[in-house]
Amino acid sequence: MNTRKMFPGSIILLFFCLLAGPALADDQRLLILGDSLSAAYGVPTEKAWVALLRERLDQQGYTGWQVVNASISGETTDGGVRRLPDLLEKHSPAVVVIELGGNDGLRGFPPRVTRDALATMIRRSRESDARVLLVGMQMPPNLGKRYTEAFRAIYPDLAKEYDTALVPFFLKGIYNQQAMMQSDGIHPTASAQPTLLDNVWPHLEPLLAQASSERNATARRSDQ
């Protein structure tokens, strides 16, 4: 008789354990939504900064993280806005790195259009409970002072408005070093990839630490 009374409750407990178990066991995901600078254009994939990031995560003890590189050469912010909802639903990332806008600038998109698209991606990522790292870009001076200044301001302005982590300039220490740029003058060489990672890491690592700490706290509460 006691067994019959306890059995329904045991089934319910088991049901919730089965639901909670996989969620806690799954690795956390870092989603990179970028263009050719993150899609290993012109460099071996294993030497690209995203591959180096995977290695650094292991070296720094972030072994429970998966990197989902959804970067596409030629991608614009408009393409990012269209692709992001499905990526968020599929991967449920804890951190989203938005490395877009360069192609907008090279194609002469109005800065307002680029800004609005980036803002949309930040909001949608936040709505999915992901932390956001915005990767800043700048345009070459031949596009004119007015345009380049307006474009450069997009990233710090958005970071301030949305209190978002920011890489001030992705190509810092690279764009003006001939040996670090491919012959097209746009894409970094393989030798520049560690510098790209070094430009990103100080701003990314705190987000990973925060997300990991939050996940561990959730796991501890579930075990109590």
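In this text the structure is predicted, and so the values were computed from the model without any measurement.

Chemist: I'd like to hear about the pairing of strand β4 (residues 131-135), residue by residue, with values.
Modeler: Burial within β4 is extensive, with 4 of its 5 residues counted as buried. Taken together, the 4 bridges between strand β3 (residues 95-99) and β4 define a ladder with parallel strand orientation. Bridge pairing links Val97 to Leu133 in β4. For β4 and strand β5 (residues 165-167), the ladder comprises 3 bridges, and the chain directions are parallel. From the neighbouring strand, Val135 faces β5, where its bridge partner is Val167. Assessed by its sense of winding, the connection that carries the chain from β4 through helix α6 (residues 145-162) to β5 is right-handed.

Chemist: Now, about the sheet that holds strand β2 (residues 65-69): what can you tell me, with residues and values included?
Modeler: Within the open sheet, the 5 strands sit side by side as β2-β1-β3-β4-β5. Their pairing is parallel. Both edges of this open sheet fall to β2 and β5, since each of them pairs with a single strand only. Along the sheet, successive strands turn relative to each other by an average axial angle of 20°, direction set aside. Of the strands in this sheet, β1 (28-34), β2 and β3 are in contact with helix α3 (residues 77-91), which crosses β1 at around 170°.

Chemist: Would you mind going over the packing of helix α5 (residues 111-127) against α6 in detail, with residue names and values included?
Modeler: For any two helices packed against each other, one specifies the crossing angle of their axes together with the interaxial distance. Interaxial distance between α5 and α6 falls to 10 Å at its minimum, and their mutual angle equals 20°. Judged on the interaxial angle alone, α6 and α5 are roughly parallel. As α5 runs across α6, the sense of the crossing is right-handed. Of the residues in α6, those in contact with Pro111, Thr114, Arg115, Leu118, Ala119, Ile122, Arg123 and Arg126 of α5 are Tyr147, Ala150, Phe151, Ile154, Tyr155, Asp157, Leu158, Glu161 and Tyr162. Class assignment for the residues of the contact of α5 with α6 results in 11 nonpolar, 1 polar and 5 charged.

Chemist: Let's hear about the side chain of Thr120: which residues, and what values?
Modeler: Positionally, Thr120 belongs in helix α5. By relative accessible area, which is 17% here, Thr120 ends up buried. Separated by 3.0 Å, the side chain of Thr120 and the backbone oxygen of Asp116 make a polar contact.

Chemist: Give me unusual backbone geometry: which residues, what numbers.
Modeler: Keep in mind that most residues, glycine aside, have a negative phi and that most peptide bonds are trans. Positive phi values are uncommon outside glycine, yet Ala40 reaches one of about 65°. For Asp129, which is not a glycine, the phi torsion comes out positive at approximately 70°. Relative to the assigned elements, Asp129 resides in the loop between α5 and β4. The class for Asp129 is exposed, based on a relative accessible area of 66%.

Basis of the calculations
Residues numbered from 1 in each chain as written. Predicted model: local features only at pLDDT ≥ 70, side-chain atom pairs only at ≥ 80, totals over all residues. Heavy atoms only, no water. Buried < 20%, exposed > 50% of the residue type's maximum accessible area, 1.4 Å probe, protein only. Helix = DSSP H or I, 4+ residues; strand = E, 2+ residues; numbered from the N terminus. Pairing = 2+ DSSP bridges. Right-handed = clockwise from strand over helix to strand, strands pointing away. Axes fitted to C-alpha atoms, helices over the stretch in contact; angles between N-to-C directions. Contact = heavy atoms within 4.5 Å. Parallel < 35°, antiparallel > 145°, perpendicular 65-115°, else oblique. Left-handed = near helix turned anticlockwise from the far one by under 90°. Nonpolar A, V, L, I, M, F, W, Y, C, P; charged D, E, K, R; others polar. Polar contact = N/O pair within 3.5 Å; in protein donor to acceptor, adjacent residues only side chain to side chain.

Distances and angles like these do not, on their own, reveal function.
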